[in-house]
Amino acid sequence: MNVSELLRLLQTEHDETTARADSLRKQIERLTTALAGAEARRVELAPTRKVIDGLAPPDHVPAATETATVYQRIVTVFNEHPEKVFRVRDLHEHLGLPTDEPSINVTRSRLGRLVRQGILEQPGRGRSQKRT
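Residues numbered from 1 in each chain as written. Predicted model: local features only at pLDDT ≥ 70, side-chain atom pairs only at ≥ 80, totals over all residues. Heavy atoms only, no water.

We now examine the side chain of Q129. Along the chain, Q129 turns up in strand β3 (residues 127–130). Since its relative accessible area comes to 11%, Q129 is described here as buried. Looking at Q129, its side chain comes within polar contact range of the main-chain oxygen of E83, at 3.5 Å. Ignoring any residue separated from it by four or fewer positions in sequence, one finds Q129 in contact with F78, P82, E83, K84, V85, L120, E121 and P123. (Helix = DSSP H or I, 4+ residues; strand = E, 2+ residues; numbered from the N terminus. Buried < 20%, exposed > 50% of the residue type's maximum accessible area, 1.4 Å probe, protein only. Polar contact = N/O pair within 3.5 Å; in protein donor to acceptor, adjacent residues only side chain to side chain. Contact = heavy atoms within 4.5 Å.)

Right, let's talk about the environment of H92 for a bit. Here H92 shows up in helix α3 (residues 88–95). H92 gets classed as buried once you look at its relative accessible area, which sits at 2%. It is 7.6 Å that separates the C-alpha atoms of H92 and I104, two residues lying 12 residues apart in sequence. Once you skip the residues sitting within four places of it in the chain, H92 turns out to touch L97, P98, T99, S103, I104 and T107. A distance of 2.4 Å separates a polar atom in the side chain of H92 from the backbone oxygen of P98.

Pairing of strand β1 (residues 86–87) with β3 involves two bridges; the strand directions are antiparallel. By the bridge assignment, F86 is partnered in β3 with S128. Pairing between strand β2 (residues 120–124) and β3: three bridges, direction antiparallel. When the bridges of β3 are listed, G124 appears paired with R127. If you look at the hairpin formed by β2 and β3, you'll find two residues sitting between the two strands, and G126 has a positive phi there, around 75 degrees. (Pairing = 2+ DSSP bridges.)

Have a look at this one:
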């Protein structure tokens, strides 16, 4: 390989890298615009949700709060028993939750999210414990 061929290859790689960087800049610009729009819409929706929650019957609890409460209860159990390894069914029994298969699957998903967030770890298949 001679010097001129090496320079040509280097120039080609430089041009491709420049094109890729330009493409990424445009993508970042599109995503930034989309994010700003989504954030603005979220801000617009917040007062509407407050009004609807205010009009709901007194025994109504928003779904997001119910979900957050279940997550809080799960994390509390693991915090209270940091060394214990729980199977999903055992966790359900401990929390007094239904042990039917659909409910178990929802909790499996929740535990998976907590593992991905670094709050829990999986020492074995189908087992979860507090991350140390």
